[in-house]
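Coordinate inspection notes
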Amino acid sequence: MPQPPPLPPVNPYAAPAARVSDISDSTAEITLADRGTRLGAVILDGLVFGIPVGIFVGVSIVIAANTRTGASMSAMVMGIVAIALIAIVGLIVLNFVWLYRYGQTIAKRWLGIKIVRTDGSRCGLARIIFLRILPLSIAAAILNLIPGLGYLVRLVDALFIFRDDYRCVHDHIADTIVVKA
């Protein structure tokens, strides 16, 4: 009868050892969102926020013009301003809640895409705000001191999506990708 191989000597001072199967590569399951869907999300987010902001600004201009002439504003006009302002605040709150919970803006949620870290893990709200949104917004605001130059920052950021990895400048800064949810 064949003898089994001898066991190695037991060392009571050695670190414990265990056989662990390798975890699967989580990035293999990630599917990047295509450029058209990301563009659609930006346009939809712009409309979702632009309509109430446009109503608020338009009615505020009418109120300011009529106040100078001494005319009083009706309760309906003031109600429209209040509703538009509540809608704006509500949309901002909803956006932050969904960014925190799901990594999605309102339009990203509608279109089935989300923001994650490059390793596929959840992206925190602080990373989204302070690394993904603020750096380029601040750069654009500063460069807008020279007329038109701030738009160049936004254009370069958007044009980066045509690279092979589908990542804009803000994605590289925040170490994020946009994937299908």
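Scroll up to find the structure.
Structure report, in brief. For every chain, the first residue of the written sequence is number 1, and numbering continues from 1 along that sequence. In keeping with the predicted nature of the model, local features appear solely for residues at pLDDT of at least 70, side-chain atom pairs appear and are counted solely at 80 or more, and the whole-chain, interface and lining totals rest on all residues. The side-chain values count all of the structure's non-hydrogen atoms but skip hydrogen atoms and water molecules.

Some details on the environment of Val169
Working definition: helices are DSSP H or I runs of at least four residues, strands are E runs of at least two. Numbering for both runs from the N terminus. Structurally, Val169 is set in helix H6 (residues 169-174). Between the alpha carbons of Val169 and Tyr100 there is a distance of 21 Å; along the sequence they are 69 residues apart. In what follows, residue pairs with any heavy atoms lying within 4.5 Å of each other are defined as contacts. Residues contacting Val169, with those up to four places away along its chain left out, are Leu136, Val156, Asp157 and Phe160.

A short note on the layout of surface pockets
Considered as a void within the structure, the largest pocket measures approximately 980 Å³ in volume. Both cavities and pockets are sets of points on a 1 Å grid over the protein atoms alone; in a cavity a 1.4 Å probe fits but cannot get out, in a pocket the set is open with protein on both sides within 12 Å along at least five of seven lines, and lining residues sit with an atom within 4 Å of a point. Lining the largest pocket are 28 residues, and of these Val42, Asp45, Lys108, Arg132 and His170 sit closest to its centre. Within the residue set of the lining of the largest pocket, elements represented by two or more residues are helix H1 (35-68), helix H2 (75-102), helix H4 (125-143) and helix H5 (149-159). The element contributing the most residues to the lining of the largest pocket is H1, with 8 residues. Each residue receives one of three labels: charged for Asp, Glu, Lys and Arg, nonpolar for Ala, Val, Leu, Ile, Met, Phe, Trp, Tyr, Cys and Pro, and polar for the others, Gly being one of them. Here the lining of the largest pocket is built from residues that sort into 15 nonpolar, 6 polar and 7 charged. Grid points are joined across faces, edges and corners, and a volume is the space filled by probe spheres set on the points.

Overview of the packing of aromatic side chains
Think of a pair of aromatic rings as described by two things: how far the centres are apart, and how the planes are tilted against each other in angle. Stacked, edge-to-face and tilted are the three classes for Phe, Tyr and Trp ring pairs, Trp counted by its six-membered ring, which pair at centre distances within 6.5 Å; planes under 30 degrees apart are stacked, over 60 edge-to-face, the rest tilted. Going through the model one piece at a time under the given rule, you end up with 0 aromatic pairs. The ring of Tyr102 is capped by Arg109, whose NZ or CZ atom sits 4.0 Å from the centre of that ring. Over a ring means this: the NZ of a Lys or the CZ of an Arg is within 6 Å of the ring centre and within 35 degrees of the ring normal. Above the face of the Tyr100 ring, Arg122 is positioned so that its terminal group lies 5.0 Å from the ring centre.

Looking at the side chain of Asp157
Summarising the element assignment, Asp157 is placed in helix H5. For the purposes of these results, a polar contact is taken to be a pair of N or O atoms within 3.5 Å, where, inside protein, one atom must be able to donate a hydrogen and its partner to accept one; residues adjacent in sequence count only when each atom of the pair is a side-chain atom. Looking at Asp157, its side chain comes within polar contact range of the main-chain nitrogen of Val169, at 2.9 Å. Not counting residues up to four positions away in its chain, the partners in contact with Asp157 are Leu136, Cys168, Val169 and His170.

Remarks on the packing of H2 against H4
For every element, the axis is a line fit to its C-alpha atoms; helices are fit only across the contacting stretch, and the angle between N-to-C directions ranges from 0 to 180 degrees. Here H2 crosses H4 at 115 degrees, and the two axes come no closer than 8 Å. Residue-level inspection shows Phe96, Leu99 and Tyr100 of H2 in contact with H4, the latter providing Leu125, Ile128 and Ile129. Residues belonging to the contact of H2 with H4 are distributed by class as follows: 6 nonpolar, no polar and no charged.

Let's talk about the state of the cysteines
Counting rule for disulfides: a pair of cysteine sulfur atoms within 2.5 Å. Tallying each qualifying case throughout the model produces 0 disulfides. Cysteine Cys123 is unpaired, with the sulfur of Cys168 as its nearest cysteine sulfur at 14 Å.

Re the nonpolar core
Counting residues in each nonpolar core, the largest one holds 9 residues, listed as Ala33, Ala41, Leu99, Ala107, Ile113, Ile115, Cys123, Ile128 and Val178. In this view, Ala41 contacts Ala107, Lys108, Leu111 and Ile113; residues no more than four positions away in its chain are not counted. For this analysis, a nonpolar core means a set of buried residues of the types Ala, Val, Leu, Ile, Met, Phe, Trp, Tyr and Cys, connected via side-chain atoms within 4.5 Å. Accessibility here uses a 1.4 Å probe with only protein chains present; expressed as a share of the type maximum, an area under 20% marks a residue as buried, one over 50% as exposed, and anything in between as partly exposed.

Remarks on a nonpolar patch on the surface
There is a patch of nonpolar side chains on the surface, built from Phe130, Leu131, Leu134, Ile138, Ile142, Leu145, Ile146 and Ile173 and spanning about 760 Å² of accessible area. Tallying contributions element by element places H4 first for the nonpolar patch, with 5 residues. Locating Leu131 in the fold gives a position in helix H4. Note that patches include only residues with greater than 30% relative accessible area and no salt bridge, and the join distances are 9 Å for like charges and 5 Å for nonpolar side chains (Val, Leu, Ile, Met, Phe, Trp, Tyr). A 1.4 Å probe and the Shrake-Rupley method give the accessible areas. Residues count as covered only by the protein chains that appear here. Salt bridges, as used here, are contacts in which a Lys or Arg side-chain nitrogen is within 4 Å of a carboxyl oxygen on Asp or Glu.

Observations regarding the pattern of salt bridges
In total, this model carries 4 salt bridges according to the counting rule given. Across the salt bridge formed by Asp171 and Arg132, the nearest N and O atoms sit 2.2 Å from each other. A residue pair is termed long-range when its members are at least 10 positions apart, and Asp171 in helix H6 and Arg132 in helix H4 qualify at 39 residues. Asp165 is the partner of Arg163 in a salt bridge, and the nearest nitrogen-oxygen pair spans 3.8 Å. On the accessibility criterion, Arg163 (38% relative accessible area) is partly exposed. We classify Asp165 as partly exposed; its relative accessible area is 24%.

Geometry only, nothing functional implied.
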